[in-house]
There are 2 protein chains.
Amino acid sequence: MMKFYFSPGSVSLAAHIALVEADAKFEAIRIDFATEQQRSERYLSINPKGRVPALVMDAGVLTETPAILMYIATVYSRAKLVPFDDPFAVAKVNAFLSYLASTVHVAHAHGGRGPRWASKQSSFDDMKAKVPQTMRECFLFIEEELVVGPWVMGEQYSICDAYLLTISRWLEGDGVERSDFVKVDRHAALMREREPVRRAWEAHFDAPMP
Amino acid sequence: MMKFYFSPGSVSLAAHIALVEADAKFEAIRIDFATEQQRSERYLSINPKGRVPALVMDAGVLTETPAILMYIATVYSRAKLVPFDDPFAVAKVNAFLSYLASTVHVAHAHGGRGPRWASKQSSFDDMKAKVPQTMRECFLFIEEELVVGPWVMGEQYSICDAYLLTISRWLEGDGVERSDFVKVDRHAALMREREPVRRAWEAHFDAPMP
């Protein structure tokens, strides 16, 4: 059986939702960031990047949220998590995943992961202070340009929606006023109506979705 | 005909190489970063992100290097730029693209694009000072874990190779000693033997590949 390594509240929620949506059989294994389990020798032998998520299969280990999401959608194609019949629509899915991974998640990470990119406390503080602005700009762009509605890709639910919910969860902690983002808020409300989303959420937080 | 917006020396070289490898018909349009053409009203109406590359087709505008690369490989499947017959291999391609986009390119960008994530000159200086270390760590990981050889995916050339060459070009400017990276150096030498790579390079730099 596939093993899925995750940490509650991290970006791994996106792939977790996709696995449950796809009705995949998998064992979910929690990695505790508080005790730095992601840096343990045992976990680094699975994922030398020391990050989550990681999906372990007979074929090998897969990392990187966009790659894991697209793999789940490909292998469990009956779940229709990507509109594979339209190459341009698939490309738009990939572009959305890539924007979240390389721009939005990166903007968020400057709040708590400053040491990845700088060395001084004053720089970490400066980076952290800018997060409300950068995350707000990202979500203005998402709200105006990227979310067609009701789902990211329009009428069809996709892996983009799992990823958007996961990152939009971070907005309040990042100091961004959510009420400015009507489409993103409505999107979260729609996600809450999906049973697989609630199940993945509860596996992360040991509590029902608020 | 497709329009491909690029800027010499930027990450857009990767998609440019893939377009030439695929023998795609496209018009290449140069965006001058020195005069901030990427922030002109005209270009922002094409790509509101104000970045390159952007690929403009009848179906719409596509941005984000991983998405553009995968789209080219999908539509021009005869060029065999992705091993589509193996879903796990496709996932490994996506994971490599995602790692370059969200970790390696981001590490590099802290050298010159500090204002994206901070506000003070002292922070920009601190970020810039760390780039040789972060880029070195990324390329140690690429060299040890990710490049099977001779190509990134092993025997089969893929879009990963175009992306790796594009980013490994930046190492010297980032203060990283290239000679420590035997596989990456041999990879660049192999790329130089490919006529489509040389043609894309010359379209960028108006000079032959060194």
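The model shown is predicted, which means the values in this text are computed figures rather than measured ones. (Residues numbered from 1 in each chain as written. Chains lettered and ligands numbered in written order. Predicted model: local features only at pLDDT ≥ 70, side-chain atom pairs only at ≥ 80, totals over all residues.)

Chemist: Is there a simple way to think about the nonpolar core in this case?
Modeler: Within soluble globular proteins, side chains that are nonpolar tend to cluster in buried spots. Ranked by size, the top nonpolar core spans 124 residues in total, and within it A18, L69 and I159 of chain A together with A18, L69 and I159 of chain B carry the most contacts. Once residues lying within four places of it in the same chain are set aside, the contact partners of L69 of chain A are A14, A15, A18, L97, I159 and Y163 of chain A. (Core = buried A, V, L, I, M, F, W, Y, C linked by C-beta atoms within 7 Å. Buried ≥ 20, exposed ≤ 12 C-beta atoms within 10 Å, placed from the backbone. Contact = placed C-beta atoms within 7 Å.)

Chemist: What exactly am I supposed to notice about the sheet that holds strand β3 (residues 54–57) of chain A here?
Modeler: One key point about sheets: their strands pair by backbone hydrogen bonds, in either a parallel or an antiparallel sense. All names here are of chain A. Strand order in the open sheet made by the 4 strands is β2-β1-β3-β4, with mixed pairing throughout. Lying at the two open borders of the sheet, with one neighbouring strand each, are β2 (26–30) and β4 (60–63). Between one strand axis and the next, the sheet turns by 20 degrees as a mean value, whatever way the strands run. With 4 bridges connecting them, β3 and β4 associate as antiparallel partners. Looking at the pairing, A54 lines up with T63 of β4. (Pairing = 2+ DSSP bridges. Helix = DSSP H or I, 4+ residues; strand = E, 2+ residues; numbered from the N terminus. Axes fitted to C-alpha atoms, helices over the stretch in contact; angles between N-to-C directions.)

Chemist: What's the story with the interface of chain B and chain A in this structure? I'm lost.
Modeler: Contacts between chain B and chain A engage 35 residues on the former and 35 residues on the latter. For the side of chain B that touches chain A, the secondary-structure elements that each account for two or more residues are β4 (60–63), α3 (65–75), α4 (87–109) and α5 (121–146) of chain B. A per-element tally of the side of chain B that touches chain A places α4 of chain B first, with 11 residues. Split into classes, the residues belonging to the side of chain B that touches chain A amount to 18 nonpolar, 12 polar and 5 charged. (Nonpolar A, V, L, I, M, F, W, Y, C, P; charged D, E, K, R; others polar.)

Chemist: What's the story with the domain arrangement of chain A in this structure? I'm lost.
Modeler: A common measure of how large an interface is: the accessible area buried when the components associate. Residue and element names in this part refer to chain A. Split into domains, chain A comes out as domain 1 (2–79) and domain 2 (87–194). Taken over C-alpha atoms, the centre of domain 1 sits 20 Å from the centre of domain 2. Contacts between domain 1 and domain 2 engage 10 residues on the former and 8 residues on the latter. For the side of domain 1 that touches domain 2, the secondary-structure elements that each account for two or more residues are α1 (12–21) and α3 (65–75). Taken together, the residues of the side of domain 1 that touches domain 2 break down into 9 nonpolar, 1 polar and no charged. (Domains from an automatic or database assignment.)

Chemist: Any chance you could explain the relation of the copies chain B and chain A here in plain terms?
Modeler: Two chain copies, one operation linking them: a rotation about an axis together with a shift along it. With an RMSD of 0.0 Å, chain B superimposes on chain A once it is rotated by 180 degrees and translated 0.0 Å along the axis. One copy is carried onto the other by what is essentially a two-fold rotation axis. Of the C-alpha atoms belonging to chain B, the one lying closest to the rotation axis is found on S102 of chain B, 2.0 Å away. A symmetric contact is evident, with 100% of the interface residues of chain B recurring at the interface of chain A. (Least-squares fit on C-alpha atoms with pLDDT ≥ 70 in both.)

Chemist: Looking at this model, I keep getting lost on the sheet that holds strand β3 (residues 54–57) of chain B. Mind explaining?
Modeler: All names here are of chain B. The mixed open sheet is built from 4 strands, whose spatial order is β2-β1-β3-β4. Two strands bound the open sheet, and with one partner strand each, they are β2 (26–30) and β4. For this sheet, the mean angle separating the axes of adjacent strands, direction not counted, is 20 degrees.

Chemist: When you look at helix α5 (residues 121–146) of chain A in this model, what are you seeing that I'm missing?
Modeler: Counting along an α-helix, one turn takes 3.6 residues, and residues three or four places apart therefore face a common direction. With 26 residues, α5 of chain A ought to run about 38 Å at 1.5 Å a step, and its terminal C-alpha atoms sit 35 Å apart, in line with that. V131 of chain A marks where α5 of chain A bends most, by close to 40 degrees; the proline P132 of chain A follows one to four residues later. Of the positions making up α5 of chain A, those classed as buried are S123, F124, D126, M127, V131, T134, M135, C138, F139, I142 and L146 of chain A. Each element contacted by the buried residues of α5 of chain A is listed here: α4 (87–109) and α7 (182–192) of chain A together with α5 of chain B. (Expected span 1.5 Å × (residues − 1). Bend = angle between axes of the 7 residues up to and from the residue.)

Chemist: How should the packing of α4 of chain A against helix α6 (residues 159–168) of chain A be read in this particular structure?
Modeler: How two helices pack is summed up by the angle between their axes together with the distance between the axes. Residue and element names in this part refer to chain A. One can describe the packing of α4 onto α6 by two numbers: an axis separation of 10 Å at closest approach and a directional angle of 10 degrees. Judged on the interaxial angle alone, α6 and α4 are roughly parallel. On α6, the residues touching V93, F96, L97, L100, V104, H105 and H108 of α4 are I159, C160, Y163 and I167. Across the contact of α4 with α6, the residue classes tally to 9 nonpolar, 2 polar and no charged. (Parallel < 35°, antiparallel > 145°, perpendicular 65-115°, else oblique.)

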